[in-house]
Amino acid sequence: MRRHAMVDAATVVLAVMVGVLLMYGPNAVVRPYGLGGSAVLVVLAVVLWWRRSAPGAVAWIAVLFSTVLVLAEALVPGAVLRPYAGEPTVLVAPTAPFAAYAVAVYAGRSRSAWLAIAALVAVAVVPSQPALGSFRNGLLLIGIPVLLGLYAGARRRLLAALRDRAERAERERDLRAAEAVARERARLTAEMHDVVSHRVSLIVLEAGALGLTSADETTLAAAERIRATGCKALGELRELVRMLPEPGDHEDAPQALPDLAPLLDAARTAGTRVEVVEIGAPIPVAPVVGRTVYRFVHEGLTNVRKHAAGAPAWLQLAYGEEGLALSIRNSTATAPPDPALATSGSGTGLLGLHQRIELIGGSFTAGPCADGGFELRADLPGRPDR
């Protein structure tokens, strides 16, 4: 972009220099008309700045000015040209060759722009005086820039096609690499699921066997808690594996949000009243965003059960064009917390959730509410940048 601006500025300066030579050079053929003529020259040259975006308009301005010059010289000989003493002169605007070149490079198949080139050729070959005007010089003055522009335009289109082909090849290569990573991730996930499920299943079986063989009430209660926790862990592991992409799935393909009903049902079964509020129409999101939403709701409801026993909770999902905002808020606890439940876990759940949300370009806040409750908030993009 900066290079284009430098070329455009150089083109404007060059057009001004051509006009200055025609009016003030040692072989000047055009009457200068003082400050007014110089101002018109500068304005014509500055118009060339837009030759990339509007080549047809720039060419028609050159046609208009050239026509005015030819008519003025035809009606009042000597009004434009100095007393002629050299080769036949082509009477066109000094910006005409630049405008012709721009049309050939940037106008494509615009009929209006090419009609302006035909008009420039016609004006250039019309003699303003019997001794002036040369068909050959007029064709060369407009024809050579057009031929150069056609060559430059063809080269430009060829380079663009090669660049597009290279970018397409790179995207295909990235896609194949992403698919290979997804397949390997799915394979490792399956292996991890098998290993962990096997170990946890053994723990559940041992706890069940201990409950059947022991007569001690404390041991029986501990064994039942271990068995229940293991069964719950197996269920959550299966749910997590179900949410991960299958081999061959496109990781970036938008999807509907994962089903949150199992999380809500589990929270209600555990005694937490949960009210869900949805604002707007649901939108498809990238799979990684859907998994983050699931993790946010899971962590938020777990946080309520652990630290706000008996308190109701409100889950809000607000959908927008570019993403979604969600929050989980609870009021003050109505019962003392379960010590075993409150001290379970690593204590880094919210920190991990915060890091996970930031990794996909979202924002996360957590803190107490004015009514004594607690709230988690997150703003997530629909398709995070990778």
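Details of the structure are given in the entry above.
Residues numbered from 1 in each chain as written. Predicted model: local features only at pLDDT ≥ 70, side-chain atom pairs only at ≥ 80, totals over all residues. Heavy atoms only, no water.

### What to know about the packing of aromatic side chains
Line of reasoning, step 1. Under the counting rule described, the total for this entry stands at 1 aromatic pair.
Line of reasoning, step 2. Centre to centre, the rings of Phe-296 and Phe-364 are 6.4 Å apart; their planes meet at 80 degrees, and the pair counts as edge-to-face. Note that Phe-296 is positioned in helix H9 (residues 287-307) and Phe-364 in strand E4 (residues 363-368), a separation of 68 residues in sequence. No difference in accessibility class separates Phe-296 from Phe-364, as the two residues are buried. (Phe/Tyr/Trp six-rings, centres within 6.5 Å; stacked < 30°, edge-to-face > 60°. Helix = DSSP H or I, 4+ residues; strand = E, 2+ residues; numbered from the N terminus. Buried < 20%, exposed > 50% of the residue type's maximum accessible area, 1.4 Å probe, protein only.)

### Overview of the packing of helix H4 (residues 96-106) against helix H5 (residues 111-125)
Line of reasoning, step 1. Close contact between H4 and H5 brings their axes to 10 Å; oriented N to C, the two are set at 150 degrees. Here H4 and H5 pass one another in a crossing that is left-handed. Every residue of H5 that contacts H4 at Ala-96, Ala-99, Ala-100, Val-103 and Ala-104 is listed here: Ala-113, Trp-114, Ile-117 and Leu-120.
Line of reasoning, step 2. Partitioned by chemical class, the residues of the contact of H4 with H5 number 9 nonpolar, no polar and no charged. (Axes fitted to C-alpha atoms, helices over the stretch in contact; angles between N-to-C directions. Left-handed = near helix turned anticlockwise from the far one by under 90°. Contact = heavy atoms within 4.5 Å. Nonpolar A, V, L, I, M, F, W, Y, C, P; charged D, E, K, R; others polar.)

### Observations regarding helix H2 (residues 34-47)
Line of reasoning, step 1. With 14 residues, H2 should cover 20 Å at 1.5 Å per step; its first-to-last C-alpha distance of 21 Å lies within 8% of that length.
Line of reasoning, step 2. Among the residues making up H2, those that are buried are Gly-37, Leu-41, Leu-44, Ala-45 and Val-47. For H2, the angular spread of buried residues about the axis comes to 155 degrees, placing them on one side. What points out from H2, more than 90 degrees from its buried face, is the exposed set Leu-35 and Val-43.
Line of reasoning, step 3. Buried-residue contacts for H2 involve helix H1 (2-24) and helix H3 (55-75). (Expected span 1.5 Å × (residues − 1). Arc of directions from axis to C-beta.)

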